[in-house]
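Structure at a glance
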Amino acid sequence: MTDIYAPAPAHDAESETLLESYRTYDAVERAIDHLSDEGFPVEYLRVVGQGVTTVEHIEGRMTTGKAALRGAAAGIWTGLLFGLLLALFLPAAGMAAVILAAVVFGAVWGGSLGFVTHWSTGGRRDFVSRKSIEATRYDLMVDSEFADQAHAKLALR
């Protein structure tokens, strides 16, 4: 039996060196991208977030009307998908009608489901949010045997 999955090299914390610390994930991502562009074997790098917390960004108020609109939008896409699949097995003359009917049905069903789902919460969560995981700093670690090479390539920035 052959192994299809080839895991990345194991990282032993004792054989790692701190290459640099960054304040944002975008900054550490740019450093890794630079190292990759310079031909550095990036599989020997590791990003360690320090001071990790979850942050919930509140994006706005949710009403039953907005929930119905979001549900309808999702239903339109679902209806379009099913309509196109059904239309594959029908004569060309009936394709447009089937697709349109599926889209309308999906919009009505999705809108109704969105409305009822939000209404049933009784106003318990009347907002829309997006969760993320953030760290106060991101340490770029490298296997010790590649530390000098990585430092030299980062100095080229």
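Residues numbered from 1 in each chain as written. Predicted model: local features only at pLDDT ≥ 70, side-chain atom pairs only at ≥ 80, totals over all residues. Heavy atoms only, no water.

**Notes on the environment of S144**
By secondary structure assignment, the location of S144 is in the loop between strand 5 (137-143) and helix 4 (147-154). Take S144: its relative accessible area is 34%, and that puts it in the partly exposed class. Along the primary structure S144 and L18 are separated by 126 residues, whereas in three dimensions their C-alpha atoms are 8.7 Å apart. Among all residues touching S144, those that are not within four sequence positions of it are S15, E16 and T17. (Helix = DSSP H or I, 4+ residues; strand = E, 2+ residues; numbered from the N terminus. Buried < 20%, exposed > 50% of the residue type's maximum accessible area, 1.4 Å probe, protein only. Contact = heavy atoms within 4.5 Å.)

**Quick notes on the packing of aromatic side chains**
Under the counting rule described, the total for this entry stands at 4 aromatic pairs. Between Y25 and Y138, the ring centres sit 5.5 Å apart and the planes meet at 75°, which makes this aromatic pair edge-to-face. Of this pair, Y25 sits in helix 1 (residues 25-37) while Y138 sits in strand 5, and the two are 113 residues apart along the sequence. According to the relative accessible area criterion, Y25 is partly exposed, its value standing at 42%. Classification of Y138 as buried rests on a relative accessible area of 11%. (Phe/Tyr/Trp six-rings, centres within 6.5 Å; stacked < 30°, edge-to-face > 60°.)

**Description of the confidence of the model for the protein chain**
In the predicted model, the protein chain carries a mean pLDDT of 89, and the fraction of residues at 70 or more is 91%. The model gives residues 1-8 a pLDDT under 50, and that stretch makes 0 contacts with residues more than four places away or in other chains. (pLDDT = per-residue confidence, 0-100.)

**Things to note about the side chain of S132**
With respect to the helices, strands and loops of the structure, S132 is situated in strand 4 (residues 127-134). Separated by 3.4 Å, the side chains of S132 and H57 make a polar contact. Only 3.2 Å separates the side chain of S132 from the side chain of E134, close enough to count as a polar contact. (Polar contact = N/O pair within 3.5 Å; in protein donor to acceptor, adjacent residues only side chain to side chain.)

**Here we look at the nonpolar core**
Counting residues in hydrophobic clusters, the biggest one holds 16 residues, and the most contacted among them are L19, Y22, L35, F40, L45, L140 and V142. Sorting the residues of this core by element identifies strand 1 (16-22), helix 1, strand 5 and helix 4 as the ones contributing at least two each. Ranked by residues supplied to this core, first place goes to helix 1 with 4 residues. In contact with L19, not counting residues within four places along its chain, are L35, L45, L140, M141, V142, A147, A150, H151 and L154. (Core = buried A, V, L, I, M, F, W, Y, C linked by side-chain atoms within 4.5 Å.)

**With respect to the packing of helix 2 (residues 64-87) against helix 3 (residues 92-119)**
Two measures define how a pair of helices packs: the angle their axes make with one another and the distance between the axes. For the pair helix 2 and helix 3, interaxial distance at closest approach is 5 Å and the crossing angle is 150°. Here helix 3 runs roughly antiparallel to helix 2, going by the angle between their axes. In the crossing of helix 2 with helix 3, the sense of the turn from one axis to the other is right-handed. Among the residues forming the contact of helix 2 with helix 3, the class breakdown is 16 nonpolar, 10 polar and no charged. (Axes fitted to C-alpha atoms, helices over the stretch in contact; angles between N-to-C directions. Parallel < 35°, antiparallel > 145°, perpendicular 65-115°, else oblique. Left-handed = near helix turned anticlockwise from the far one by under 90°. Nonpolar A, V, L, I, M, F, W, Y, C, P; charged D, E, K, R; others polar.)

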